[in-house]
Number of protein chains: 2
Amino acid sequence: MTATDNYRGMARIAEPGEGVGLDELALAARNHGMPLEALRYDVTPPGLHYVLTHYDIPAVEPTSWRLEIGGAVERPLSLSLGELQSRPSVTSRVLLECAGNGRARLEPRPVSQPWLLEAVGTAEWTGTPLAPLLEEAGLSSETVDVVFTGADHGVERGVEQDYARGLPLAEAMRPETLLVWAMNGAPLPPQHGAPLRLVVPGWYGMAQVKWLTRVDVATEPFTGFQNATAYRLKVDSDEDGEPVTRIRPRSLLAPPGWPDFMTRERYLRSGPVTLSGRAWSGRAPVTQVEVSTDGGNSRGLAELAPADPAAPFAWRSWRFGWDARPGRYQLLTRATDEVGRQPVEAEWNRQGLANNLVQRVPVTVQE
Amino acid sequence: MTATDNYRGMARIAEPGEGVGLDELALAARNHGMPLEALRYDVTPPGLHYVLTHYDIPAVEPTSWRLEIGGAVERPLSLSLGELQSRPSVTSRVLLECAGNGRARLEPRPVSQPWLLEAVGTAEWTGTPLAPLLEEAGLSSETVDVVFTGADHGVERGVEQDYARGLPLAEAMRPETLLVWAMNGAPLPPQHGAPLRLVVPGWYGMAQVKWLTRVDVATEPFTGFQNATAYRLKVDSDEDGEPVTRIRPRSLLAPPGWPDFMTRERYLRSGPVTLSGRAWSGRAPVTQVEVSTDGGNSRGLAELAPADPAAPFAWRSWRFGWDARPGRYQLLTRATDEVGRQPVEAEWNRQGLANNLVQRVPVTVQE
């Protein structure tokens with residue numbers, strides 16, 4: 001990336017066939033996805049859950065930390081962690097996925113965190129609903145957005161900033177939207193936002209602001225970098241683009257058999273195999289999961305576990321029986337929700353966002 | 001990588017200037033390093049500790065799992081996790097580092113897991129010493145190696161295998177060598193080897209076998225893939241090469257200031273700054289840490305925390321005061337142990353192992 005690109009506020013697009021650069025590699029080495037065999041866990045252990053941090057993981061001292069709630073409110077609030085934890089608490093099983101998941105499978109590749117398929121995880125998040133706090137603070141009747149600011153600080157395309165995102169008021173007021181201090185029954189790990197983060201079920205990860213320091217009520221749409229410049233679906237750089245919001249449907253297969261270390265190609269023994277995986281959507285209920293063992297030419301329906309009414313924003317497990325005979329196969333899985341289905345060809349956009357292209361897994365079945 | 005390379009048992013070397021490929025990226029997305037700001041923690045939280053798994057993270061059922069101790073012993077043993085946990089236990093603070101740390105900084109780049117600098121972490125490991133168990137089993141007087149086999153299964157350069165490593169008897173009998181079931185006071189997470197792993201303080205990660213199933217006493221040197229083919233320092237493919245054993249000295253700086261998201265370049269404000277980091281060596285005590293702010297032209301000695309006699313295989317913290325004036329700088333840090341010091345030019349080898357080249361951190365100091 002040249003300084004010029006940087007200061008134009010545009011992400012670079014890789015040349016056709018260009019390998020991943022050291023800048024992308026440095027991001028891939030510090031952030032990490034969920035190894036797909038971890039689809040076996042209903043709740044992802046914290047160290048296997050995907051992590052993306054834009055800047056550094058900040059060192060926040062929980063005892064002196066406070067959350068400030070201000071902006072267009074009648075009574076600004078300043079709350080310690082203990083005060084937040086003494087409020088009514090909720091534990092909710094919620095899937096999170098990075099909006100950049102699938103970016104490195106786009107051609108040409110937008111240069112940023114180079115996710116393939118694995119930027120996902122499901123955890124039990126414990127916190128307190130945000131809406132009653134906003135009501136106590138006394139929202140302006142003119143409120144449009146609620147702006148969440150984290151303690152993480154850095155530069156992005158020339159703009160120095162604390163990470164901050166605006167969320168439409170209606171989303172902030174949903175009863176499922178939580179201020180969260182625990183993950184899987186333990187205090188939030190540093191990389192997941194300790195001491196307090198936001199969880200907005202159904203939305204991609206950019207909305208799930210970590211290391212929260214401020215919540216500001218705004219009577220104008222928030223125009224900060226992470227809303228106005230980043231996280232917008234656009235093909236040409238001069239478009240405004242549509243903001244990225246809710247998670248598109250996706251199904252992932254836990255790759256069967258065993259891998260080659262370097263190529264990650266899969267091998268398995270012939271015989272009956274139960275293929276299994278998880279499917280989700282943040283925008284509408286999943287209605288079916290298709291599985292193909294011949295690259296999509298023929299498809300069958302997976303047996304999809306019933307939706308858990310207590311966890312509408314978690315993933316759902318699925319199973320598909322396959323009598324694997326010796327040979328080479330391309331496994332494919334595709335989720336459909338009440339709005340639509342995963343594409344079989346990628347829909348390119350220049351920031352590499354929300355690419356829910358179907359997963360294809362080549363396997364070799366041995367005698 | 002072509003199938004031919006694969007079956008010759010040789011790792012591929014990237015062409016000059018060749019970017020990271022999708023195979024390397026798939027490894028980087030599932031394994032992860034320790035973000036360098038996590039050098040601030042004396043003990044690395046599990047999800048920030050580096051992870052490398054050759055194959056898949058296996059699903060091991062701890063209640064039915066047993067450890068078999070056999071081979072050239074008089075009385076083979078079969079032990080449940082409860083039986084192991086009822087033995088004398090030790091908690092030990094130990095640094096682990098992947099032997100491939102630094103691989104992606106070599107030119108040309110050996111194609112494998114593309115670590116830059118961050119494949120490291122320090123944890124509190126709880127387990128029971130191995131030596132008394134081997135003595136109870138009754139070692140053959142002809143014993144040469146002790147072979148550790150994990151439940152992780154895959155293919156590597158054409159060889160299907162359970163991950164297995166031989167360790168010289170003298171190392172297996174060291175009182176510090178532990179069979180470990182807990183990390184930082186909690187049961188081992190899946191990715192760190194649950195329910196039981198080996199910890200051999202001072203050695204690179206390939207010796208720290210995870211998901212242990214068998215310990216076999218051998219009267220001949222172990223010639224399995226991970227000893228005879230992998231983890232050997234060699235320049236030409238027809239050399240036997242020297243086996244990789246203990247961790248070479250390294251010092252890492254927690255990069256000061258804040259990063260650019262994409263380039264990871266660092267910025268800080270002018271004024272007094274305390275640079276800090278960690279240094280370690282698995283082969284001999286660290287004797288000094290040098291810091292330079294001008295790319296190595298001039299150097300000063302960091303203030304190195306005293307060695308903790310209870311934790312000789314942990315890292316040690318260091319500090320270095322710097323009056324940062326506006327401008328661009330290259331920070332550099334270098335550790336010296338009783339045997340030698342980190343190189344300022346990389347010593348290339350074809351598997352990209354044990355590259356402890358000094359770290360260089362470009363920073364821009366602003367008014």
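Model, not experiment: these values are computed from the prediction. (Residues numbered from 1 in each chain as written. Chains lettered and ligands numbered in written order. Predicted model: local features only at pLDDT ≥ 70, side-chain atom pairs only at ≥ 80, totals over all residues.)

Caption draft 1: How the structure looks around the overall build of chain A. For chain A, the count of helices and strands is six helices and 22 strands. At 21 Å, chain A has a C-alpha radius of gyration in line with the 21 Å of a compact globule built from 367 residues. C-alpha atoms of chain A, sized along the principal axes, occupy 70 × 50 × 35 Å. Burial analysis of chain A (367 residues in total) assigns 50% to the buried set. Restricting the contact set of chain A to residue pairs at least 6 apart, pairs at least 24 apart contribute 73%. (Helix = DSSP H or I, 4+ residues; strand = E, 2+ residues; numbered from the N terminus. Rg over C-alpha atoms; globule rule 2.2 N^0.38 Å. Buried ≥ 20, exposed ≤ 12 C-beta atoms within 10 Å, placed from the backbone. Contact = placed C-beta atoms within 7 Å.)

Caption draft 2: Local environment of the relation of the copies chain A and chain B. When chain A is fitted to chain B, the best match, at an RMSD of 0.0 Å, comes from turning it 180° and sliding it 0.0 Å along the axis. Taken together, the turn and the small shift mark the pair as related by a two-fold rotation axis. Interface overlap between copies: 100% of the residues of chain A at the interface are likewise at the interface in chain B, consistent with a symmetric, same-surface contact. (Least-squares fit on C-alpha atoms with pLDDT ≥ 70 in both.)

Caption draft 3: Summary view of the pairing of strand E21 (residues 327-337) of chain A. Relative to E21(A), strand E17 (residues 286-292) of chain A runs antiparallel, the two sharing six bridges. Along E21(A), the bridge assignment pairs Val291(A) with Thr333(A). (Pairing = 2+ DSSP bridges.)

Caption draft 4: Geometry of the domain arrangement of chain A. Residue and element names in this part refer to chain A. Partitioning chain A into domains gives domain 1 (3-243) and domain 2 (250-366). The C-alpha-based centres of domain 1 and domain 2 are spaced at 27 Å. Contacts between domain 1 and domain 2 engage 29 residues on the former and 24 residues on the latter. The element that contributes the greatest number of residues to the side of domain 1 that touches domain 2 is strand E3 (residues 90-97), accounting for three residues. (Domains from an automatic or database assignment.)

Caption draft 5: Local environment of the interface of chain A and chain B. Contacts between chain A and chain B engage 47 residues on the former and 47 residues on the latter. Counting residues per element, the ones that place at least two in the side of chain A that touches chain B are helix H2 (22-30), strand E5 (145-156) and strand E14 (258-259) of chain A. If one sorts the elements of the side of chain A that touches chain B by residue count, H2(A) sits on top with six residues.

Caption draft 6: Region of the structure containing the sheet that holds strand E15 (residues 266-269) of chain A. All names here are of chain A. The six strands are arranged E14-E15-E22-E21-E17-E18 in an open sheet whose pairing can be described as mixed. A single partner strand is all that each edge strand has here, and the edge strands are E14 and strand E18 (300-301). Note: E21 against strand E22 (residues 359-366), seven bridges, orientation antiparallel. Looking at E22, one finds that Leu 332 is bridged to Arg 360.

Caption draft 7: Highlighting the sheet that holds strand E13 (residues 250-253) of chain A. Residue and element names in this part refer to chain A. Spatially, E13-E16-E20-E19 is the arrangement adopted by the four strands of the open sheet, whose pairing is antiparallel. Strands with a single pairing partner mark the edges of an open sheet, and in this sheet they are E13 and strand E19 (303-304). Pairing of E19 with strand E20 (residues 316-324), which is carried by two bridges, proceeds in the antiparallel orientation. Along E20, the bridge assignment pairs Leu 304 with Trp 318.

Caption draft 8: Spatial organisation of the nonpolar core. Among the nonpolar cores identified, the biggest contains 186 residues, and Leu25(A) and Leu25(B) are the most heavily contacted of them. When near neighbours in sequence (up to four residues on either side) are disregarded, Leu25(B) contacts Val20(A), Ala28(A), Ala104(A), Pro114(A), Leu116(A) and Val20(B). (Core = buried A, V, L, I, M, F, W, Y, C linked by C-beta atoms within 7 Å.)

Caption draft 9: Spotlight on H2(A). Among the nine residues in H2(A), seven count as buried, and that is most of the element. Along H2(A), the positions that sit buried rather than exposed are Glu24(A), Leu25(A), Ala26(A), Leu27(A), Ala28(A), Ala29(A) and Arg30(A). Looking at the packing, one finds that the buried side of H2(A) touches helix H2 (22-30) of chain B.

Caption draft 10: Quick look at the environment of Gly158(A). Take Gly158(A): it is sitting in the loop between E5 and strand E6 (159-168). The spacing of Gly158(A) and Thr126(A) is 32 residues in sequence and 36 Å in space, taken between C-alpha atoms.

Caption draft 11: View of unusual backbone geometry. All names here are of chain A. With an omega of -5°, the peptide bond between Glu 107 and Pro 108 qualifies as cis. A positive phi is found at Tyr 231, a non-glycine position, where the angle reads about 60°. Mapped onto the elements, Tyr 231 comes out in the loop between helix H6 (225-228) and strand E11 (232-233).

Caption draft 12: Spatial organisation of the confidence of the model for chain A. All names here are of chain A. Per-residue confidence for chain A gives a mean pLDDT of 96, with 98% of residues at or over 70. For chain A, the element scoring lowest by mean pLDDT is helix H1 (residues 3-7), at 39; strand E9 (residues 197-199) scores highest, at 99. Every residue in residues 1-8 scores below 50 in pLDDT, and together they form 11 contacts with partners more than four places removed in sequence or on other chains. (pLDDT = per-residue confidence, 0-100.)

Caption draft 13: Focus on the packing of H2(A) against H2(B). Contact geometry of H2(A) with H2(B) gives a least axis separation of 7 Å together with a crossing angle of 35°. The interaxial crossing formed by H2(A) with H2(B) has left-handed handedness. Judged by residue contacts, Leu25(A), Ala28(A) and Ala29(A) of H2(A) engage Leu25(B), Ala28(B) and Ala29(B) from H2(B). (Axes fitted to C-alpha atoms, helices over the stretch in contact; angles between N-to-C directions. Left-handed = near helix turned anticlockwise from the far one by under 90°.)

Caption draft 14: How the structure looks around the environment of Phe225(A). All names here are of chain A. If you trace the backbone, Phe 225 turns up in helix H6. Assessed through the 18 C-beta atoms surrounding it within 10 Å, Phe 225 is described here as partly exposed. The residues touching Phe 225, leaving out its near neighbours within four places in the chain, are Glu 156, Val 159, Gln 161 and Ala 230.

Caption draft 15: Representation of the environment of Leu188(A). Residue and element names in this part refer to chain A. Examined against the element boundaries, Leu 188 turns out to sit in the loop between strand E8 (186-187) and E9. Take Leu 188: there are 24 C-beta atoms within 10 Å of it, and that puts it in the buried class. C-alpha separation for the pair Leu 188 and Leu 275, spaced 87 residues apart in sequence, amounts to 33 Å.

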